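# Observations on the three-dimensional arrangement
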Amino acid sequence: GVFSGYNLVGFVASAFGAALVAWDAAPRALFFAAFSLGGALQILIYRALPASLPAPRPAAAANPPVKPLVRRIAVLFALDSFAGGFIVQSLVLYWFHLRFGLPVSTLGWIASGSQLITGLSYLLAPPLARRIGLFNAMVFSHLISNAILIAIPFAPTAGTAVALLFLTDDRNLAEQLR
């Protein structure tokens, strides 16, 4: 709930920033002002946070048979995070520019759409986990997304590649459920 809303706001703000880049006629001073305003807003919000929070209660120890499963899942997530770290949005957008010759304004719209889809997927994660189970939601969304991600370089047109990219943005479902 709250975590999903928090991340949705962050991704919508990121999508807005990417949309500004797509606006060719935007004066550079507008970018500076928007980012400065965003930074000042973050400082104000941070200063409004309480100085300390109550200490969390210690969690109950996991059952011994669960520990090996948790270790295997942790290794799987570590491997996925390591590999996913190589796929940064700026590199993907640069590839779109090189492969399809897309201008910066189009790349801005692609980044904006990608951020919006990712933000909206945060709203989908909790109901999906309740419906098919937390583990299934994490594993299946990753497998499907990674298969689609592998297909992007083979896309014949920019439109197909962008559509595939947008489909992979729901991979954050698994990230949110961890």
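The structure displayed is predicted, hence computed values, not measured ones.

### Quick look at the overall build of the chain
Counting secondary structure elements, the chain contains eight helices and zero strands. Ordering the α and β elements of the chain from the N terminus gives α-α-α-α-α-α-α-α. Taking contacts inside the chain between residues at least 6 apart in sequence as the whole, the part at least 24 apart equals 77%. Carbon together with sulfur atoms contributes 74% to the accessible area of the chain, which is approximately 11,900 Å² in total.

### Brief notes about the nonpolar core
With 18 residues, the main nonpolar core has Phe96, Leu102 and Ile110 as its most contacted residues. Looking at this core, the elements with two or more residues in it are α4 (89–100), α5 (104–132), α6 (134–151) and α7 (158–168). Among the elements that make up this core, the one with the highest residue count is α7 (five residues). Once residues within four sequence positions are removed from consideration, Phe96 is found in contact with Gly101, Leu102, Leu107, Ala158, Ala161, Val162 and Leu165.

### Here's the deal with the layout of surface pockets
Empty space among the atoms can be located by rolling a probe the size of a water molecule over them. As a volume, the largest pocket reaches approximately 620 Å³. Together, 17 residues line the largest pocket, and Gly10, Ala13, Ser14, Gly38 and Gln42 are the ones closest to its centre. Contributing elements (two or more residues each) for the lining of the largest pocket: α1 (2–22) and α2 (28–48).

### Comments concerning the packing of aromatic side chains
All chains considered together, the criterion is met by four aromatic pairs. Ring plane angle 75° and centroid distance 5.4 Å describe the contact between Trp95 and Phe96, whose orientation is recorded as edge-to-face. An aromatic cluster is present here, built from Trp95, Phe96 and Phe100 joined pairwise through their rings.

### Quick look at the environment of Val162
Relative to the helices and strands, Val162 is located in helix α7. Relative accessible area serves as the criterion here: at 14%, Val162 is assigned to the buried category. Along the sequence, Val162 and Leu107 sit 55 residues apart, while their C-alpha atoms lie 10.0 Å from each other. Residues in contact with Val162, not counting those within four places in the same chain, are Phe96 and Ile110.

### So, the side chain of Gln115
For Gln115, the location among the structural elements is in helix α5. Relative accessible area serves as the criterion here: at 10%, Gln115 is assigned to the buried category. Only 3.3 Å separates the side chain of Gln115 from the side chain of Ser14, close enough to count as a polar contact. Discounting residues that sit within four places of it in the chain, Gln115 has contacts with Phe11, Ser14, Ala15 and Gln89.

### Regarding the packing of α4 against α5
The interhelical angle for the contact between α4 and α5, taken along N-to-C directions, is 140°, at an axis separation of 10 Å. With respect to α5, the axis of α4 lies oblique. Here the hand of the crossing between α4 and α5 comes out right-handed. Across the interface between the two elements, Gln89, Leu93, Phe96 and His97 of α4 pack against Leu107, Ile110, Ala111, Ser114 and Gln115 of α5. Looking at the contact of α4 with α5 residue by residue, the class counts come to five nonpolar, four polar and no charged.

### Considerations on the side chain of Thr168
Mapped onto the elements, Thr168 comes out in helix α7. Here Thr168 falls in the buried class, since its relative accessible area comes to 4%.

### Describing the confidence of the model for the chain
In the predicted model, the chain carries a mean pLDDT of 81, and 90% of its residues have values of at least 70. Across the chain, the secondary-structure element scoring lowest on mean pLDDT is helix α8 (residues 172–177), at 49, and the one scoring highest is α7, at 94.

### Quick notes on α2
The terminal C-alpha atoms of α2 lie 31 Å apart, and with 21 residues this matches the ideal 30 Å at 1.5 Å per residue to within 8%. Burial analysis of α2 places just one of its 21 residues in the buried class, which makes it a mostly uncovered element.

The rules we used
- Residues numbered from 1 in each chain as written.
- Predicted model: local features only at pLDDT ≥ 70, side-chain atom pairs only at ≥ 80, totals over all residues.
- Heavy atoms only, no water.
- Helix = DSSP H or I, 4+ residues; strand = E, 2+ residues; numbered from the N terminus.
- Contact = heavy atoms within 4.5 Å.
- Areas by Shrake-Rupley, 256 points an atom, 1.4 Å probe, with all protein chains shown as cover.
- Core = buried A, V, L, I, M, F, W, Y, C linked by side-chain atoms within 4.5 Å.
- Buried < 20%, exposed > 50% of the residue type's maximum accessible area, 1.4 Å probe, protein only.
- 1 Å grid on protein atoms, 1.4 Å probe; cavity = no way out; pocket = protein on both sides within 12 Å on 5 of 7 lines; lining within 4 Å.
- Points joined across faces, edges and corners; volume = space filled by probe spheres on them.
- Phe/Tyr/Trp six-rings, centres within 6.5 Å; stacked < 30°, edge-to-face > 60°.
- Polar contact = N/O pair within 3.5 Å; in protein donor to acceptor, adjacent residues only side chain to side chain.
- Axes fitted to C-alpha atoms, helices over the stretch in contact; angles between N-to-C directions.
- Parallel < 35°, antiparallel > 145°, perpendicular 65-115°, else oblique.
- Left-handed = near helix turned anticlockwise from the far one by under 90°.
- Nonpolar A, V, L, I, M, F, W, Y, C, P; charged D, E, K, R; others polar.
- pLDDT = per-residue confidence, 0-100.
- Expected span 1.5 Å × (residues − 1).

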